[in-house]
Amino acid sequence: MEALPPILPYLTVRDARAALGFCEAAFDGEILMIQEQDGAVNHARARIQGGIVMFYEERAGAYEGNGAPATLGGSPVAIRLDLGTAEAVDATFARALAAGATEVVAPLDRPWGRLAEVRDPEGHLWRLAASAAEQ
């Protein structure tokens, strides 16, 4: 098993298989592993743009306070996905919408680079970005 980076997001979701499917379709993600326990996905990993995101399927009685965004009424966390170029931001934004995301901020140029934001079907906010220095 490969070494994990020192810091990575661990997202609680209601439907881990659907969340993994979204990551595949929207972000060209690669499913690395799925572990089940009692009929639920206890742990899953996907590689996205060289980084790793982990997923845990929400279950009653497990990890109190660690609910999916819909259960908690939202999430204060945003995941920034650096894509390298403005064209990649635009293309990934379009793929994410086609995969079921909702638009939060359409692609636009900022003084520091290009940005778009989508909310995935589980309610997590993804910031799709390319810094001006990278373009």
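Residues numbered from 1 in each chain as written. Predicted model: local features only at pLDDT ≥ 70, side-chain atom pairs only at ≥ 80, totals over all residues. Heavy atoms only, no water.

> Teacher, can you tell me more about the pattern of salt bridges here?
Should the charged atoms of two oppositely charged side chains come close, the side chains can pair. Applying the stated criterion across every chain yields a total of eight salt bridges. Across the pair arginine 127 and glutamate 117 runs a salt bridge whose closest N-O atoms are separated by 2.6 Å. Of the two residues, arginine 127 is situated in strand β8 (residues 125–131) and glutamate 117 in strand β7 (residues 113–119); the sequence distance between them amounts to ten residues. The exposure class of glutamate 117 is buried, given its relative accessible area of 10%. One connected set of salt bridges, linked through shared partners, spans Asp90, Asp109 and Arg114. (Salt bridge = Lys/Arg side-chain N within 4 Å of Asp/Glu carboxyl O. Helix = DSSP H or I, 4+ residues; strand = E, 2+ residues; numbered from the N terminus. Buried < 20%, exposed > 50% of the residue type's maximum accessible area, 1.4 Å probe, protein only.)

> What is the right way to look at helix α3 (residues 86–98) in this model?
Note that an α-helix has 3.6 residues per turn; residues three or four places apart therefore point the same way. For α3, spanning 13 residues, the distance from its first C-alpha to its last is 19 Å, which sits close to the expected 18 Å at 1.5 Å a residue. Turning to α3, its buried residues are Ala86, Val89, Thr92, Phe93 and Ala96. Buried residues of α3 fall within an arc of 125° about the axis and therefore sit on the same side. Residues Glu87 and Ala98 are exposed on α3 and point more than 90 degrees away from its buried face. (Expected span 1.5 Å × (residues − 1). Arc of directions from axis to C-beta.)

> Would you explain the sheet that holds strand β3 (residues 40–48) in this entry?
Hydrogen bonds between backbone groups are what pair the strands of a sheet, and the pairing can be parallel or antiparallel. Strand order across the open sheet formed by four strands is β1-β4-β3-β2, with mixed pairing between neighbours. This sheet does not close on itself; its edge strands, each paired only once, are β1 (10–13) and β2 (30–37). Across the sheet, the mean angle separating the axes of adjacent strands is 20° when strand polarity is ignored. Two elements, β2 and β3, share seven bridges in a ladder whose sense is antiparallel. (Pairing = 2+ DSSP bridges. Axes fitted to C-alpha atoms, helices over the stretch in contact; angles between N-to-C directions.)

> Honestly, the side chain of threonine 12 in this entry has me stumped. Any pointers?
On the secondary structure map, threonine 12 appears in strand β1. With sequence-adjacent residues up to four places away left out, threonine 12 is seen in contact with Tyr56, Glu58, Asn66, Gly67, Ala68, Pro69 and His124. (Contact = heavy atoms within 4.5 Å.)

> How should unusual backbone geometry be read in this particular structure?
Negative phi values dominate among residues other than glycine, just as trans dominates among peptide bonds. In this structure, aspartate 38 is a non-glycine residue whose phi angle is positive, near 55°. With respect to the helices and strands, the residue aspartate 38 is situated in the loop between β2 and β3. A positive phi angle, close to 50°, is found at glutamine 49, a residue other than glycine. Among the structural elements, glutamine 49 can be located in the loop between β3 and β4 (51–57). You can call glutamine 49 partly exposed: its relative accessible area is 45%.

> Where do I start with the packing of helix α1 (residues 16–27) against α3 in this structure?
Each pair of packed helices can be summarised by the angle the axes make with each other and by the distance between the axes. For the pair α1 and α3, the least separation of the axes is 7 Å and the interaxial angle reads 145°. In the crossing of α1 with α3, the sense of the turn from one axis to the other is right-handed. Each of Phe22, Ala25, Ala26 and Phe27 in α1 lies in contact with α3, whose residues at this interface are Thr92, Arg95 and Ala96. By residue class, the composition of the contact of α1 with α3 is five nonpolar, one polar and one charged. (Left-handed = near helix turned anticlockwise from the far one by under 90°. Nonpolar A, V, L, I, M, F, W, Y, C, P; charged D, E, K, R; others polar.)

> I would appreciate a short explanation of the packing of aromatic side chains in the present structure.
Each aromatic ring pair is specified by the distance between its two centres and by the angle formed by the two planes. Applying the stated criterion to the full structure yields two aromatic pairs. Clustering of aromatic rings is evident, with ring pairs tying together Phe22, Phe27 and Trp126. (Phe/Tyr/Trp six-rings, centres within 6.5 Å; stacked < 30°, edge-to-face > 60°.)

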